[in-house]
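Residues per chain are reported as follows:
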Amino acid sequence: MSLVIYFVLLVLIFNVFARLSGTFFGIVFLLVFGVLLAYVFGKGTRRCHDLGKKGGGTV
(Lines give C-alpha, C1' and ligand atoms only; values in the text may rest on other atoms or scores of the structure.)
Protein backbone atom coordinates (compact mmCIF):
# COMPACT_ATOMS: atom_id res chain seq x y z
CA MET A 1 0.00 0.00 0.00
CA SER A 2 2.84 2.38 0.78
CA LEU A 3 4.29 1.94 -2.72
CA VAL A 4 0.95 2.94 -4.24
CA ILE A 5 0.95 6.07 -2.07
CA TYR A 6 4.55 6.75 -3.11
CA PHE A 7 3.75 6.57 -6.81
CA VAL A 8 0.62 8.71 -6.45
CA LEU A 9 2.62 11.35 -4.57
CA LEU A 10 5.38 11.17 -7.16
CA VAL A 11 2.96 11.71 -10.05
CA LEU A 12 1.22 14.59 -8.26
CA ILE A 13 4.48 16.28 -7.35
CA PHE A 14 5.84 15.81 -10.86
CA ASN A 15 2.71 17.36 -12.37
CA VAL A 16 2.91 20.35 -10.06
CA PHE A 17 6.60 20.98 -10.73
CA ALA A 18 6.25 20.32 -14.47
CA ARG A 19 3.96 23.34 -14.71
CA LEU A 20 6.39 25.54 -12.84
CA SER A 21 9.63 26.64 -14.40
CA GLY A 22 12.93 27.81 -13.06
CA THR A 23 15.99 26.46 -11.37
CA PHE A 24 14.54 26.86 -7.87
CA PHE A 25 11.61 24.58 -8.63
CA GLY A 26 13.91 22.01 -10.20
CA ILE A 27 16.05 21.92 -7.07
CA VAL A 28 13.00 21.63 -4.82
CA PHE A 29 11.66 18.80 -6.99
CA LEU A 30 14.96 16.92 -6.72
CA LEU A 31 14.94 17.33 -2.94
CA VAL A 32 11.36 16.08 -2.64
CA PHE A 33 12.10 13.21 -5.02
CA GLY A 34 15.18 12.29 -2.98
CA VAL A 35 13.18 12.16 0.23
CA LEU A 36 10.54 9.96 -1.37
CA LEU A 37 13.20 7.70 -2.87
CA ALA A 38 14.95 7.35 0.50
CA TYR A 39 11.59 6.38 2.00
CA VAL A 40 11.10 3.61 -0.57
CA PHE A 41 14.61 2.24 -0.09
CA GLY A 42 14.13 2.30 3.68
CA LYS A 43 10.86 0.45 3.31
CA GLY A 44 12.54 -2.20 1.15
CA THR A 45 15.36 -2.60 3.65
CA ARG A 46 12.88 -3.14 6.47
CA ARG A 47 11.07 -5.80 4.44
CA CYS A 48 14.37 -7.58 3.78
CA HIS A 49 15.15 -7.53 7.49
CA ASP A 50 11.70 -8.95 8.21
CA LEU A 51 12.57 -11.87 5.92
CA GLY A 52 15.95 -12.39 7.60
CA LYS A 53 18.00 -11.08 4.66
CA LYS A 54 20.52 -8.29 4.52
CA GLY A 55 18.99 -5.06 3.29
CA GLY A 56 22.12 -3.27 2.19
CA GLY A 57 22.05 -4.36 -1.43
CA THR A 58 23.48 -7.83 -0.88
CA VAL A 59 21.30 -10.90 -0.79
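Calculation criteria
- Residues numbered from 1 in each chain as written.
- Predicted model: local features only at pLDDT ≥ 70, side-chain atom pairs only at ≥ 80, totals over all residues.
- Heavy atoms only, no water.
- Helix = DSSP H or I, 4+ residues; strand = E, 2+ residues; numbered from the N terminus.
- Expected span 1.5 Å × (residues − 1).
- Buried < 20%, exposed > 50% of the residue type's maximum accessible area, 1.4 Å probe, protein only.
- Arc of directions from axis to C-beta.
- Contact = heavy atoms within 4.5 Å.

**Regarding helix α1 (residues 2-19)**
In an α-helix, one turn spans 3.6 residues, which is why side chains three or four residues apart end up on the same side.
Argument step 1. Compared with an ideal rise of 1.5 Å per residue, which puts 18 residues at 26 Å, α1 spans 26 Å between its outermost C-alpha atoms and is within 8% of the ideal.
Argument step 2. Residues S2, Y6, L10, I13 and F17 constitute the buried set of α1. Across the axial projection of α1, the buried residues extend over an arc of 75 degrees, all falling on one side. For α1, the exposed residues lying more than 90 degrees away from the buried face are V4, A18 and R19.
Argument step 3. Considering only its buried residues, α1 is in contact with α2 (23-50).

**As for the environment of F41**
Argument step 1. In this fold, F41 is placed in helix α2.
Argument step 2. Taking the C-alpha atoms as reference points, F41 and V4, 37 residues apart in sequence, are found 14 Å from one another.

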